[in-house]
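Chain by chain, the residues:
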Amino acid sequence: MSDALPRPDNCSIERALAIVGEKWTLLVLREAFLGVRRFAEMQAFTGAPKQILSARLTRLVEEGLLCKVPYREPGQRRRDEYRLTQMGRDLYPALVALMQWGDRYLADPEGPPMLLTHRDCGAPIEQHFRCADGHEISGPRDITASPGPGACRTRGPVPAGNA
């Protein structure tokens, strides 16, 4: 093991999970991707208790994944809708990957509960990894991980036998 590998406390996966790595947060994002914008609808579709949903929406706004947009129904007080920001929309491939994994390994015998298709032609959506040169990546064995420009060196000396 090289002493140039990133420290465990300098990990993009860990930082992302600190924001989105919780069931209710992912369900809120699922609904936002499906076009749900209002608190009552979010609560109905996710089943989240009001306090939890309120806390998750507040956090997603604070972190920049959602933004509040005011609206007012006739005769009602002003309320906020929650809309995805670009940062939030950029999470879509991750949620689709989770959904497709669940469809593959956890779906009912009848099949997946939701299908994603291309709006223009109706073909099913597929996700693929490709390198910048266009080569298809079949899995983790086709990928090499190496320290990036933001990597920090491990703390202290490298344990004997790992140098």
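Bear in mind that the values here come from a model prediction, so they are computed numbers and not experimental data. (Residues numbered from 1 in each chain as written. Predicted model: local features only at pLDDT ≥ 70, side-chain atom pairs only at ≥ 80, totals over all residues. Heavy atoms only, no water.)

**Student:** Which residues make up the pattern of salt bridges, and what values go with them?
**Tutor:** If the charged atoms of two oppositely charged side chains come close together, the side chains can form a pair. Under the definition given, this model contains nine salt bridges. A salt bridge links arginine 78 to aspartate 80; the shortest N-O distance between them is 3.0 Å. Using a relative accessible area of 44% as the deciding quantity, one classes arginine 78 as partly exposed. Residues joined in a network through salt bridges with shared partners are Arg38, Glu73, Glu81 and Arg83. (Salt bridge = Lys/Arg side-chain N within 4 Å of Asp/Glu carboxyl O. Buried < 20%, exposed > 50% of the residue type's maximum accessible area, 1.4 Å probe, protein only.)

**Student:** Which residues make up the nonpolar core, and what values do they have?
**Tutor:** Nonpolar side chains tend to gather and get buried jointly when the protein is soluble and globular. With 19 residues, the main nonpolar core has Val28, Leu29, Leu65 and Leu66 as its most contacted residues. Contributing elements (two or more residues each) for this core: helix 1 (12-20), helix 2 (23-33), helix 4 (50-62) and strand 2 (78-84). Among the elements that take part in this core, helix 2 stands out by supplying five residues, more than any other. Every residue in contact with leucine 29, bar those within four places of it in the chain, is listed here: Val20, Leu60, Leu65, Leu84, Leu91 and Leu95. (Core = buried A, V, L, I, M, F, W, Y, C linked by side-chain atoms within 4.5 Å. Helix = DSSP H or I, 4+ residues; strand = E, 2+ residues; numbered from the N terminus. Contact = heavy atoms within 4.5 Å.)

**Student:** Could you give an account of helix 6 (residues 92-106), naming the residues involved and the relevant values?
**Tutor:** Its 15 residues give helix 6 an end-to-end C-alpha distance of 20 Å, which sits within 8% of 21 Å, the value for a rise of 1.5 Å per residue. If you check which residues of helix 6 are buried, you get Leu95, Val96 and Gly102. Relative to the axis of helix 6, the buried residues are bounded by an arc of 120° and lie together on one face. Turned more than 90 degrees away from the buried face of helix 6, the exposed residues are Arg104 and Tyr105. Buried residues along helix 6 sit against helix 2. (Expected span 1.5 Å × (residues − 1). Arc of directions from axis to C-beta.)

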